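# A closer look at the structure
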Amino acid sequence: MTENASIERFVEALGLAALDLWSELPQEVQQSLFEQAVVRGHRSERDESLREQLAQFLHVHHERTAKRNAGQAGSV
């Protein structure tokens, strides 16, 4: 396995673990992870809507997040 393949595997595993545990994380940790994901995921002008897309994804997939932020588009 190449170094890049290992890194990609670790990044994917950590990302999936964070998603699995998202609803159990303190709000401050959720916010920090969210903001870092927006920064790291923004690669071009086409990514301007990444914040909104990521927020919508989290609202749909995590009940606690959805209830806490109902009606607050773009925030986690």
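That block above? That's the structure.
Here's a quick rundown of the structure.

## Regarding helix H2 (residues 27–41)
- The first and last C-alpha atoms of H2 sit 21 Å apart over 15 residues, in line with the 21 Å expected at 1.5 Å per residue.
- Of the residues making up H2, those classed as buried are Gln30, Phe34 and Val38. Buried positions in H2, seen along its axis, are confined to an arc of 65° and lie on one side of it. More than 90 degrees from the buried face of H2, the exposed residues found are Glu28, Val39 and Arg40.

## Some points on the nonpolar core
- In this structure, Trp22, Leu25, Phe34, Val38, Ala55 and Leu58 together form the largest nonpolar core, which totals 6 residues.
- Elements with a contribution of two residues or more to this core: H2 and helix H3 (50–61).

## Topic: H3
- Its 12 residues place the ends of H3 16 Å apart at the C-alpha level, agreeing with the 16 Å of an ideal helix rising 1.5 Å per residue.
- Listing the buried residues of H3 in full gives Leu50, Ala55, Leu58 and His59. Angular distribution of buried residues about the axis of H3 spans 165°; they occupy a single face of the element. Exposed residues lying more than 90 degrees from the buried face of H3 are Gln56 and Val60.

## Focus: the packing of H2 against H3
- Contact geometry of H2 with H3 gives a least axis separation of 10 Å together with a crossing angle of 135°. Overall, the two elements H2 and H3 adopt an arrangement that is oblique. In this structure, H2 meets H3 at a crossing whose hand is right-handed. Here H2 contributes Phe34, Glu35, Ala37, Val38 and Gly41 to the contact with H3, which in turn contributes Leu50, Arg51, Leu54, Ala55 and Leu58.
- Looking at side-chain class alone, the contact of H2 with H3 contains 7 nonpolar, 1 polar and 2 charged residues.

Criteria and thresholds
- Residues numbered from 1 in each chain as written.
- Predicted model: local features only at pLDDT ≥ 70, side-chain atom pairs only at ≥ 80, totals over all residues.
- Heavy atoms only, no water.
- Helix = DSSP H or I, 4+ residues; strand = E, 2+ residues; numbered from the N terminus.
- Expected span 1.5 Å × (residues − 1).
- Buried < 20%, exposed > 50% of the residue type's maximum accessible area, 1.4 Å probe, protein only.
- Arc of directions from axis to C-beta.
- Core = buried A, V, L, I, M, F, W, Y, C linked by side-chain atoms within 4.5 Å.
- Axes fitted to C-alpha atoms, helices over the stretch in contact; angles between N-to-C directions.
- Parallel < 35°, antiparallel > 145°, perpendicular 65-115°, else oblique.
- Left-handed = near helix turned anticlockwise from the far one by under 90°.
- Contact = heavy atoms within 4.5 Å.
- Nonpolar A, V, L, I, M, F, W, Y, C, P; charged D, E, K, R; others polar.

Keep in mind these values describe shape, not function.
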